[in-house]
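Chain by chain, the residues run as shown.
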Amino acid sequence: MGTPARRETRLPDLFDLFEMPFTTLRPFTAQAIRIEDYIDEDKYVIRAELPGVDPDHDVEISVSRGILTIHAERKEEHEERRHSEFRYGTYERHIRLPENAHEDDIKATYDKGVLTITVPLQEAKEATRRVAIEH
């Protein structure tokens, strides 16, 4: 694994606050998706737990203004002679991408209940720039 991705600010990211375990207190919103993220050489990798979903029909990944959104729906039904079970739900997670993320070349794979999203990183641009004072 690569280096864990950490934000440079000491204050918690607003999106992280929404993804905390308080989802049960928010009945009208989607459940959070458990993820791990890290930087591996020149790419940002996100791994999301999504067991029991069909990635071709039930998962949507979108990106806008530096925010990657994973939206998934699970619909499972098991029926036996005298017993039936069903599980369903909507899951959603918003992830802030690093500033040097190349949003046009994002790739995603799904294997054994784990969605892996790979975001290539461009060479980091200088964060500060000196401005000349004119006389």
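Asker: Would you take a moment to explain the pattern of salt bridges for this structure?
Answerer: Pairing between side chains becomes possible if they bear opposite charge and their charged atoms approach one another. Under the counting rule described, the total for this entry stands at 3 salt bridges. For Glu49, the salt bridge goes to Arg34, with nearest N and O atoms at 3.8 Å. With Glu49 in strand β3 (residues 43-49) and Arg34 in the loop between α1 (14-18) and β2 (35-40), the pair connects residues that are 15 residues apart, well separated along the chain. Ionic pairing is found between Lys107 and Asp105, a salt bridge with its closest N-O pair at 3.1 Å. On the basis of relative accessibility, which here comes to 51%, the residue Lys107 falls in the exposed class.

Asker: Even after reading the chapter, I still don't get the nonpolar core, so can you show me in this structure?
Answerer: One recurring pattern in soluble globular proteins: nonpolar side chains tend to sit buried together. Within the largest apolar cluster, 18 residues are counted, with the highest numbers of intra-cluster contacts made by Leu50 and Ile70. Broken down by secondary-structure element, the contributors of at least two residues to this core are β3, β5 (67-79), β6 (84-96) and β8 (114-120). Excluding its chain neighbours within four sequence positions, the residues that come into contact with Ile70 are Ile33, Ala48, Leu50, Glu60, Tyr91, Glu92, Arg93, Ile95, Leu115 and Ile117.

Asker: Just checking my understanding: could you explain the pairing of β6 for this structure?
Answerer: Two elements, β5 and β6, share 13 bridges in a ladder whose sense is antiparallel. Within β6, the residue paired with His78 across the bridge is Glu85. What sits between β5 and β6 in their antiparallel hairpin is a turn of 4 residues.

Asker: Before we go on, may I ask you to explain the environment of Glu36 in this structure?
Answerer: Of note, Glu36 is situated in strand β2. Among the polar contacts made by the side chain of Glu36, one reaches the side chain of Arg47 at a distance of 2.7 Å.

Asker: I would appreciate a short explanation of the sheet that holds β5 in the present structure.
Answerer: Backbone-to-backbone hydrogen bonds pair the strands of a sheet. The strands run either parallel or antiparallel. Overall, antiparallel pairing links the 3 strands, which are arranged β4-β5-β6 in an open sheet. Among the strands making up the open sheet, the edge pair consists of β4 (59-64) and β6. Across this sheet, the average inter-strand angle for adjacent strands is 5°, counted without regard to direction. Note that β4 and β5 share 6 bridges and pair antiparallel. Each residue of the ladder has a partner; that of Val59, found in β5, is Ala72.

Parameters at a glance
Residues numbered from 1 in each chain as written. Predicted model: local features only at pLDDT ≥ 70, side-chain atom pairs only at ≥ 80, totals over all residues. Heavy atoms only, no water. Salt bridge = Lys/Arg side-chain N within 4 Å of Asp/Glu carboxyl O. Helix = DSSP H or I, 4+ residues; strand = E, 2+ residues; numbered from the N terminus. Buried < 20%, exposed > 50% of the residue type's maximum accessible area, 1.4 Å probe, protein only. Core = buried A, V, L, I, M, F, W, Y, C linked by side-chain atoms within 4.5 Å. Contact = heavy atoms within 4.5 Å. Pairing = 2+ DSSP bridges. Polar contact = N/O pair within 3.5 Å; in protein donor to acceptor, adjacent residues only side chain to side chain. Axes fitted to C-alpha atoms, helices over the stretch in contact; angles between N-to-C directions.

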